[in-house]
Amino acid sequence: SEIIISPHNKKAIQGYTHLLYVWGERFDPPTALHHPVIDLADALNLYTNIEAKPAVEKESDKHIPYYPVIYISTDNLLKLDNPSKFLRSGGFYIIDNGASGKYLTEQQRKQIIFILNDIYGSIYTIRPLERRHPIYHCFFDFEDGPPGGSVPDASRTIEGIYIERQLVGIYCPQGYGS
């Protein structure tokens, strides 16, 4: 991947990237064309000068460390055989509540917290991104936080996953992927 952003115009973005969707060993991706990674690649291609291409890999694929952006639904994260190995190996990851169309149960949320604890131990934190965070203003300006998704009455924040002070991933409870 290579992305170039003009310091004078945040919408003058150009470059190329591959967006990865990860699947477990015991289940296969859907055959339908409507998929969050395809939709995200289409949006990048439409609104920017980034050539974005979707990709799908199994969790054991040796190419995962080469992808800068990795998308996974909460449902699939909880089904992976070795989620710790997967999340340690890749780039910036987006964990989306899109597959279920409803809030995670407390048990599901605890499982995800357990996975993150297993990977990062005490050096990580999960906290809401502040409204002034650059992620809300990197292309479009979302002054009031993220737009709604498929989960009714979802939180109006995205949760950042940090290792020390570095943002390494996000959790989107809004359900953008469905």
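Residues numbered from 1 in each chain as written. Predicted model: local features only at pLDDT ≥ 70, side-chain atom pairs only at ≥ 80, totals over all residues. Heavy atoms only, no water.

## Description of the pattern of salt bridges
Enumeration according to the criterion identifies three salt bridges in this entry. Salt-bridge contacts for Asp141 lead to Lys10; the nearest nitrogen and oxygen are separated by 2.7 Å. Of the two residues, Asp141 is situated in the loop between strand E6 (124–128) and strand E7 (159–163) and Lys10 in the loop between strand E1 (2–5) and strand E2 (13–23); the sequence distance between them amounts to 131 residues. Between Lys53 and Glu51 there is a salt bridge whose closest N-O contact spans 3.3 Å. (Salt bridge = Lys/Arg side-chain N within 4 Å of Asp/Glu carboxyl O. Helix = DSSP H or I, 4+ residues; strand = E, 2+ residues; numbered from the N terminus.)

## Considering the side chain of His137
Among the structural elements, His137 can be located in the loop between E6 and E7. Its relative accessible area of 19% is what places His137 among the buried residues. Side-chain polar atoms of His137 contact the backbone oxygen of Arg131, separated by 3.2 Å. If we ignore the near neighbours within four places in the chain, the residues touching His137 are Lys10, Arg131, Arg132, Phe142 and Glu143. (Buried < 20%, exposed > 50% of the residue type's maximum accessible area, 1.4 Å probe, protein only. Polar contact = N/O pair within 3.5 Å; in protein donor to acceptor, adjacent residues only side chain to side chain. Contact = heavy atoms within 4.5 Å.)

Everything listed here is a matter of coordinates, which is why it stays silent on function.
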